[in-house]
Each structure stands twice: as structure tokens, then as C-alpha cells.
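# Structural characterization, general
The primary structure of each chain is shown beneath.
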Amino acid sequence: MKLAYCIPGKLWWVTDFLDEDIYKGIHDAIIKQRKQLNLQSVINHWPHQLTQNLKAPDRVDVSQYEPFEDLKKQVRTNQWFNLPVLEKMFTTIHHMKKDSGINWHNDGSWKYGATYYINRRWNIHWGGEFMFATGDAHGFLPITGNSLVMVKAPLDHKVNPVLSPIMPRISVQMFMK
């Protein structure tokens, strides 16, 4: 586990977040079960401005999913985030095909949001980067399998459109308060 980038108190990017065997288990579970996951478009779940002029991502809410228990535990107890006691953790799987993205937003009603990247391989020409902006800093974080981006709300961020016609961007999203 390595803290690769940080804006103290606002954003953390941790690579090699989980033990390789745990990551492989989560990756394989999602890839093997993706046809049974009942992914649905976010169109009826999200405000229109999040996907305006973009193809809407697909997602599925996941509450009790055994492969995620180690991931959720590591998020709750990670040394860099130092999270307070959480009342609620909401977990989803996001599946973003070509032209899918998410416009600028700040996760306003949540205290924290986290993105855990599933893709083992991702080419920089395939888009889908996590973008962020504060009064002091702005930039992007690449998609790296087994890495986690933690955001303390409110922090403006977005996901650039996915450009790959064959490889979807797959992530586990966690929202906490």
C-alpha cells in the first residue's frame, strides 16, 4: 500500500490498496458475475446535470457482497484517511462504456466518497480519468487497478468520458456519512 498523491484533508490516492489475492478475488468476482449483476442506467437515479451531454454510466447497488468486506474494512481503518465513526456506507459497482462519464459535482450530501479501480489494465488513451479541482490545486488521477481515490466532500470532481470502444471502466464506489 502506497500513498501516491494527497491533498491533506481533501483527497487521497492510494495504490496497491489491497493485498494482491484480495484484489484478484474482487476483480474476478465482478468480471465473472457481471452478466448477473443487473446493471442499470443511472438516468433515473441521478440528477440530469451529472450526465448531461454524456452517455450515462450503468451501476448496481451492492449491500452485502462478500468479496467487498475486506475492501470496506480497509477503507474504514486506513491510516491515511483517519475516518470518523461512520453511520452509513453505501456501495455500488459502476460500469462505464464508451462515451460514459460524470460531470463536475461534489458529493454534497455525503461526507466521503471513494472510488476503487477494478481494471487490471488501462491505456491512457482510453479516457475515464478522475479529475479534481480545489481553490489551490487541480489535476487528474489515472485509472490504476487496485488503487483507491478517497475524497472528503465537498470537493469538485468528475470522470472524463471513456473513449475505449471495447474496454469498460469498472469501479466500486463507496459513499459514507
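The structure we're discussing is the one just above.
Below is a summary of the structure that appears in this document. From a predicted model like this one, the values you see are computed outputs, not experimental measurements.

The rules behind each value
Residues numbered from 1 in each chain as written. Predicted model: local features only at pLDDT ≥ 70, side-chain atom pairs only at ≥ 80, totals over all residues. Heavy atoms only, no water. Buried < 20%, exposed > 50% of the residue type's maximum accessible area, 1.4 Å probe, protein only. Helix = DSSP H or I, 4+ residues; strand = E, 2+ residues; numbered from the N terminus. Pairing = 2+ DSSP bridges. Salt bridge = Lys/Arg side-chain N within 4 Å of Asp/Glu carboxyl O. Core = buried A, V, L, I, M, F, W, Y, C linked by side-chain atoms within 4.5 Å. Contact = heavy atoms within 4.5 Å. Axes fitted to C-alpha atoms, helices over the stretch in contact; angles between N-to-C directions. Phe/Tyr/Trp six-rings, centres within 6.5 Å; stacked < 30°, edge-to-face > 60°. Lys NZ or Arg CZ within 6 Å of the ring centre and 35° of its normal.

## Some words on the pairing of strand E4 (residues 58-62)
For E4, the tally of buried residues reaches 4 of 5 residues, placing the bulk of the element in the interior. Of the strand pairs in this sheet, strand E3 (residues 40-41) and E4 are connected by 2 bridges, and their pairing is antiparallel. By the bridge assignment, Ser41 is partnered in E4 with Asp58. Here E4 pairs with strand E5 (residues 89-96) via 5 bridges, running antiparallel. The partner of Asp58 across the bridge, within E5, is His95.

## Focus on the pattern of salt bridges
Following the criterion strictly, the structure yields 5 salt bridges and no others. The partner of Asp28 in a salt bridge is Lys24, and the shortest N-O contact between them spans 2.7 Å. Of this pair, Asp28 and Lys24 both sit in helix H1 (residues 20-33), 4 residues apart, which is roughly one turn of that helix. A relative accessible area of 39% means that Lys24 is categorised as partly exposed. For the salt bridge of Lys72 with Glu69, the shortest nitrogen-to-oxygen distance reads 3.3 Å. Note that Lys72 and Glu69 are positioned in helix H2 (residues 69-77) at a spacing of 3 residues, about one turn of the helix.

## Looking at the nonpolar core
Proteins that are soluble and globular tend to have nonpolar side chains buried together. Ranked by internal contacts, the top residues of the largest apolar core, which has 29 residues, are Leu71, Val75, Tyr116, Leu148, Met150 and Met174. Secondary structure elements with two or more residues in this core: strand E2 (11-15), H1, E4, H2, E5, strand E7 (112-117), strand E10 (148-152) and strand E12 (169-176). Residues Val42, Phe130, Phe132 and Val159 belong to the second largest nonpolar core, which totals 20 residues.

## Some thoughts on the sheet that holds E12
Judged by pairing direction, the sheet is antiparallel, and its 8 strands sit side by side in the order E1-E2-E10-E7-E12-E5-E4-E3 without closing on themselves. The outermost strands of the open sheet, each flanked by one partner alone, are strand E1 (2-7) and E3. Where E7 and E12 come together, 6 bridges link them in antiparallel fashion. Of the residues in E12, the one forming a bridge with Thr115 is Gln173. Of the strands in this sheet, E5, E7, E10 and E12 touch H2, which is tilted by about 50 degrees from E12.

## Remarks on the packing of aromatic side chains
Aromatic rings in a pair are described by how distant their centres are and how their planes are angled relative to each other. Evaluation of the coordinates by the stated rule reveals 8 aromatic pairs. Relative to Phe81, the ring of Trp12 has its centre 5.7 Å away and its plane inclined at 65 degrees; by these criteria the two rings are edge-to-face. With a gap of 69 residues between them, Trp12 in strand E2 and Phe81 in the loop between H2 and E5 connect regions that are remote in the sequence. Exposure remark for Trp12: the relative accessible area of 7% places this residue in the buried category. Centre to centre, the rings of Phe90 and Trp110 are 6.1 Å apart; their planes meet at 20 degrees, and the pair counts as stacked. Residue Phe90 is located in strand E5, and its partner Trp110 is located in the loop between strand E6 (102-105) and E7; the two are separated by 20 residues in the primary sequence. With a relative accessible area of 17%, Trp110 lands in the buried category. Lys177 extends its terminal NZ or CZ atom over the ring of Trp110, reaching a point 4.7 Å from the ring centre.

In short, the description is geometric, and any link to function would need to be established separately.
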